[in-house]
Amino acid sequence: GEAEVSFTAVVAGEPTEETIVKAREAEGLDILVIEASEGLQMGRLALLEVRLRRGTAFGVKVLRLALRRLGHPVVGSGNACAKSQGITGTYLAVTRLAHGDVGAEVEP
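This text gives an overview of the structure that appears in the document. (Residues numbered from 1 in each chain as written. Predicted model: local features only at pLDDT ≥ 70, side-chain atom pairs only at ≥ 80, totals over all residues. Heavy atoms only, no water.)

What follows deals with unusual backbone geometry. Phi is positive for Ala80, close to 65 degrees, though the residue is something other than glycine. Within the secondary structure layout, Ala80 lies in the loop between helix H2 (60–69) and strand E4 (92–99). (Helix = DSSP H or I, 4+ residues; strand = E, 2+ residues; numbered from the N terminus.)

Tallied over the entire structure, the rule returns six salt bridges. A salt bridge links Arg24 to Asp30; the shortest N-O distance between them is 3.5 Å. Overall, the relative accessible area of 35% leaves Arg24 in the partly exposed class. Close ionic contact of Asp30 with Arg51 constitutes a salt bridge, the shortest N to O distance being 2.7 Å. On the criterion of sequence distance, the pair formed by Asp30 in strand E2 (residues 29–39) and Arg51 in strand E3 (residues 43–52) is long-range, its members being 21 residues apart. In this structure Arg51 comes out as partly exposed when scored by relative accessible area, which is 32%. (Salt bridge = Lys/Arg side-chain N within 4 Å of Asp/Glu carboxyl O. Buried < 20%, exposed > 50% of the residue type's maximum accessible area, 1.4 Å probe, protein only.)

What follows concerns the nonpolar core. Counting 20 residues, the largest nonpolar core has Val11, Leu29, Ile31, Leu48, Leu63 and Leu67 as the members making the most contacts within it. Sequence-distant contacts of Ile31, that is, excluding residues within four places in its chain, are made with Ile20, Ala23, Leu48, Glu49, Val50, Leu67 and Leu70. (Core = buried A, V, L, I, M, F, W, Y, C linked by side-chain atoms within 4.5 Å. Contact = heavy atoms within 4.5 Å.)

As summarised here, the arrangement of the five strands in space is E2-E3-E1-E4-E5, forming an open sheet in which the pairing is antiparallel. On the outer flanks of this sheet lie E2 and strand E5 (102–105), each paired with one strand and no other. With direction set aside, neighbouring strand axes in the sheet form an average angle of 15 degrees. Pairing between E4 and E5: four bridges, direction antiparallel. Bridge assignment links Leu97 to a residue of E5, and that residue is Ala104. Across the face of the sheet, H2 comes into contact with strand E1 (4–12), E2, E3 and E4 while running at roughly 125 degrees to E4. (Pairing = 2+ DSSP bridges. Axes fitted to C-alpha atoms, helices over the stretch in contact; angles between N-to-C directions.)

Taken together, the 10 bridges between E2 and E3 define a ladder with antiparallel strand orientation. Note on E3: the bridge partner recorded for Gly39 is Gly43. Here E2 hands over to E3 after three residues, the two strands then running antiparallel side by side.

In this section: helix H1 (residues 17–27). Residues of H1 that are buried: Thr19, Ile20, Ala23 and Glu27. The arc that holds the buried residues of H1, viewed along the axis, is 105 degrees, so those residues lie on one side. The exposed residues of H1 that point more than 90 degrees off its buried face are Glu17, Glu18 and Glu25. Elements that come into contact with the buried residues of H1 comprise E2 and H2. (Arc of directions from axis to C-beta.)

Written as structure tokens, this is what we have:
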């Protein structure tokens with residue numbers, strides 16, 4: 001069923017206000033840029049908090065694909081990720097999950 005799911009992700013680039021609006025309207029994502037910085041190997045990276053407004057608790061793949069469509073793929077070694085030498089795993093984590101009156105959250 002429907003669940004409220006929040007993720008934290010490291011992505012290539014930094015979403016603009018225009019991209020954030022497009023994400024909300026076209027993809028059902030609420031994006032907050034927590035931090036962004038310029039790196040030597042991968043260029044500009046951003047740490048995002050993303051809330052999937054419609055979907056299921058199994059929205060990790062949906063989120064990865066949506067961020068890629070928006071031009072900001074998640075950094076990692078999986079499909080639809082921004083890849084770089086020496087990177088293993090995917091820099092994406094579920095940080096909050098709620099369904100009805102039950103929820104769980106990972107503290108920052």
